[in-house]
Amino acid sequence: MEDGLILLGYNISMFAMRVRIALDEKGIEYEYREERLDNKSPLLLEMNPVHQKVPVLIHNGKPVSESLMILEYIDEVWKDKPPLLPSDPYQRAQARFWADLIDKKARLFYEYYSKYPQCVIVVFAELIAPHNAYFQIYINGGRRVWFSKGEELEAAKKELMDGLKLLEGELGEKVYFGGDKFGFLDVALIPFYNCFDSFESCGKLRIEEHCPKLIAWAKRCMEKESVSKSFAVAPPSMIDEYILMTRKKNGNTE
Amino acid sequence: MAKSASVQLLGSWASPFSNRVQLALKLKSVEYELVEEAFYVSKSDRLVKANPVYQKIPVLIHDEKPVCESLVIVEYIDEAWTGKGPSILPSDPYERAIARFWAGYIDEKLETASGDEEKFAVVGKVLEGFALLEEAFAKCSKGKAFFGGDEVGYLDIALGCFLGWVKVAEIIGGGKLLDESKFPGLAGWAERFLSHDVAKDILPDALKILEFFGKVQAARAAATTAAE
């Protein structure tokens, strides 16, 4: 196994995007390898046998998987570069808590999407809508009752807004979630901004009206080279097309 | 140095997630007040205030600042009391990543298993998990007693809190889950962990859990009848 740093990713993977942004923020050189989800490389299967998912960071032949854990690893190994996590233990705990919340919902999103592509909107809404009955039914019941498109859309809109408002509250008046500096939680969340545009068109939402701070934050993040560079690889329109294409395929053509 | 009154744990002897935090606090010899929450009956105002997002235990309140999510709390304890007692997480970044990975795997497995109504599917998932964790144990322990090496660490805590519940599942289900013939490494580790000073007084035994489980079922049934 070769030395150096290799990142296994996928172009519209928001999790892989997190790692690309973090590595670029730190000015760390690495080799990026694009994976095909329908034809995973032997390297991916060998390096992440348990989940067989991207991203995987391979450092001197040793694999680290799970995007947030990769971010922590990067922070710990490249200590001479500006840190992603704050130094205060309580602030670190807060950053980890909120990043974990985003991850919990994101996991649901990907599970759902593979089973029910027509329900992408509903699923994504749960991405950041933490404490509501809809989400609880899934966790406890194992099965979900799918409502009609109209109801789904309304319920999804509400959940999305509830979740975004929570994050809006956590951001408050800060420039970034990390305070004055772009940090761990900013990196954890910004890749999902890619999807906001898609929801604006699919769900006819006006996120900016309800969560102006969050949108302002996202635009500030987009001014950073590390972020805009990784978005350029998977521009919002690509995701938009992907989602609309799947919706059409499943008969949801509004 | 933290005084006992400045560290509070909203939790319960009966919750394995709460036990994780208790184990970590014990490892670091941190004095604290355990505030027992009857989490299976209702959510106290105190809990809702401390954890508005999930409204769940455990919540560690340190100098009036709340920390939620058991694994986040364990890392917090390691960092807030960094000079005191042994380190909970390994010092090497790669080993830390491995420990976090397996702890995350355990929690994810639990989440998906709890969504299953079919007992057979749950058992299948548990056994699948044990098979992978058996391998993980060999790699992490490197021939020593615990996942953390000579001493109990992060992954021992993350998994060890469920040992009593595994025994309960075996009693209810009538089958051996942590079978020493299939998972010799894990079975040996389990015995050592359960008899370790850190775990002995914190982890409830299977019978106590069973009794508690019965109470919860009864309380929930009564609540449902009352609601109807």
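Position numbers for residues start from 1 in each chain and track the written sequence from start to end. Chain labels run from A onward and ligand labels from 1 onward, assigned in the order the entries are written. Given that this is a predicted model, residues contribute local features only at a pLDDT of at least 70 and side-chain atom pairs are listed and counted only at 80 or more, while totals for whole chains, interfaces and linings are drawn from all residues. As a convention, hydrogens and water are excluded, and side-chain values are obtained from all of the structure's heavy atoms.

**Comments concerning the overall build of chain B**
On a plain count of helices and strands, chain B comes out with 10 helices and 4 strands. Its C-alpha atoms give chain B a radius of gyration of 18 Å, within 12% of the compact-globule value 17 Å for 228 residues. Taken over the C-alpha atoms alone, chain B extends approximately 55 × 50 × 25 Å along its principal axes. Only protein chains enter the area calculation, which uses a 1.4 Å probe; residues under 20% of their type maximum are buried, those over 50% are exposed, and those in between are partly exposed. For chain B, buried positions account for 50% of its 228 residues. A 1.4 Å probe and the Shrake-Rupley method give the accessible areas. Residues count as covered only by the protein chains that appear here. Accessible surface, chain B: about 11000 Å² in total, of which carbon and sulfur atoms supply 57%. We count Lys and Arg on the positive side and Asp and Glu on the negative side, and we leave His and both chain ends out. By convention, the point assigned to a charge is CZ for Arg, NZ for Lys, CD for Glu and CG for Asp. Once the 26 positive and 34 negative side-chain charges of chain B are each reduced to a mean point, those two points are 2 Å apart. Elements are defined by DSSP. Helices are runs of H or I of four residues or more, strands are runs of E of two residues or more, and each kind is numbered from the N terminus. Two things to know: the radius of gyration comes from C-alpha atoms, and the globule rule equals 2.2 Å times the number of residues to the power 0.38.

**Some details on the confidence of the model for chain A**
Residue-level confidence of the predictor, termed pLDDT, takes values from 0 up to 100. Overall, the predicted model of chain A reaches an average pLDDT of 77, with 64% of residues at or above 70. Segment residues 116-148 of chain A is flagged for pLDDT under 50; beyond a separation of four residues in sequence, or across chains, it makes 93 contacts in the model. We call two residues in contact whenever any of their non-hydrogen atoms come within 4.5 Å of each other.

**What to know about the pattern of salt bridges**
The term salt bridge refers to a side-chain nitrogen of Lys or Arg lying within 4 Å of a carboxyl oxygen of Asp or Glu. Enumeration according to the criterion identifies 25 salt bridges over all chains in this entry. Between A:Arg33 and A:Glu31 there is a salt bridge, with the nearest N and O atoms lying 2.6 Å from each other. A salt bridge links B:Asp197 to B:Lys200, with the shortest nitrogen-to-oxygen separation between them at 3.0 Å. With B:Asp197 and B:Lys200 both in helix 9 (residues 197-200) and 3 residues apart, this pair spans about one turn of that helix. Residue classification places B:Asp197 among the exposed positions, given a relative accessible area of 52%. For B:Lys200, a relative accessible area of 45% gives the class partly exposed.

**With respect to the domain arrangement of chain B**
Residue and element names in this part refer to chain B. As used throughout, domain bounds are those supplied by an automatic or database domain assignment. Considered domain by domain, chain B is made up of domain 1 (7-85) and domain 2 (93-195). Relative to domain 2, the C-alpha centre of domain 1 lies at a distance of 22 Å. Facing 11 residues of domain 1, the contacting portion of domain 2 comprises 14 residues. Note on domain 1 versus domain 2: buried area summed over both sides is about 1100 Å², and carbon and sulfur give 65% of it. Joining two parts hides part of their accessible area as seen by a 1.4 Å probe, and the buried area is that hidden amount summed over both.

**Regarding the nonpolar core**
Across soluble globular proteins, you tend to see nonpolar side chains buried next to one another. Core analysis: the biggest nonpolar cluster contains 63 residues, and A:Ile74, A:Ile190 and A:Trp217 have the highest contact counts within it. Excluding anything up to four places from it in sequence, A:Ile74 contacts A:Val19, A:Ala22, A:Leu23, A:Lys26, A:Ile28 and A:Leu57. In terms of nonpolar packing, the next biggest core, distinct from the first, is built from 56 residues, B:Leu25, B:Tyr105, B:Ile157 and B:Leu159 among them. Buried residues of nine kinds, namely Ala, Val, Leu, Ile, Met, Phe, Trp, Tyr and Cys, make up a nonpolar core once their side-chain atoms join them within 4.5 Å.

**Let's talk about unusual backbone geometry**
Here A:Val54 and A:Pro55 are connected by a cis peptide whose omega angle stands at -5 degrees. Position of A:Pro55 among the secondary structure elements: in the loop between helix 2 (42-47) and strand 3 (56-59). Backbone torsion omega between B:Ile57 and B:Pro58 reads 0 degrees, so that peptide bond is classified as cis. Tracing the chain through its elements places B:Pro58 in the loop between helix 2 (45-50) and strand 3 (59-62). Residue B:Gln55 is not a glycine yet carries a positive backbone phi of 55 degrees. Its location among the elements puts B:Gln55 in the loop between helix 2 and strand 3.

**Focus on the interface of chain A and chain B**
Contacts between the two partners involve 32 residues from chain A and, on the opposite side, 27 residues from chain B. Across the chain A/chain B interface, buried area totals approximately 2800 Å², and carbon plus sulfur atoms make up 62% of it. When the buried surface of chain A facing chain B is broken down by residue, A:Met69, A:Tyr90 and A:Phe97 rank first, second and third, together holding 22% of it. Here chain A is connected to chain B by 6 salt bridges. Polar contacts here mean pairs of N or O atoms no more than 3.5 Å apart (in protein, one a potential hydrogen donor and the other a potential acceptor; neighbouring residues in sequence count only if both atoms are side-chain atoms). For the pair chain A and chain B, the number of links is 8 residue pairs in polar contact (both at pLDDT 80 or more).

**Notes on the sheet that holds strand 1 (residues 7-11) of chain B**
Residues and elements named next belong to chain B. Spatially, the 4 strands line up as an open sheet ordered 2-1-3-4, and their pairing is mixed. Each edge of the sheet is formed by a strand with only one pairing partner; in this case those strands are strand 2 (33-36) and strand 4 (65-68). Across this sheet, the average inter-strand angle for adjacent strands is 25 degrees, counted without regard to direction. Two strands pair under a simple rule: DSSP has to find at least two bridges between them. In this sheet, strand 4 lies alongside strand 3 in antiparallel orientation, the contact comprising 4 bridges. Bridge pairing in strand 4 links Ile-61 to Pro-66. Whenever a helix is involved, its axis is fitted only over the stretch in contact; in every case the axis is a line through C-alpha atoms, and angles between N-to-C directions fall within 0 to 180 degrees. Running over the sheet, helix 1 (residues 16-27) touches strand 1, strand 2 and strand 3 and is turned about 155 degrees from strand 1.

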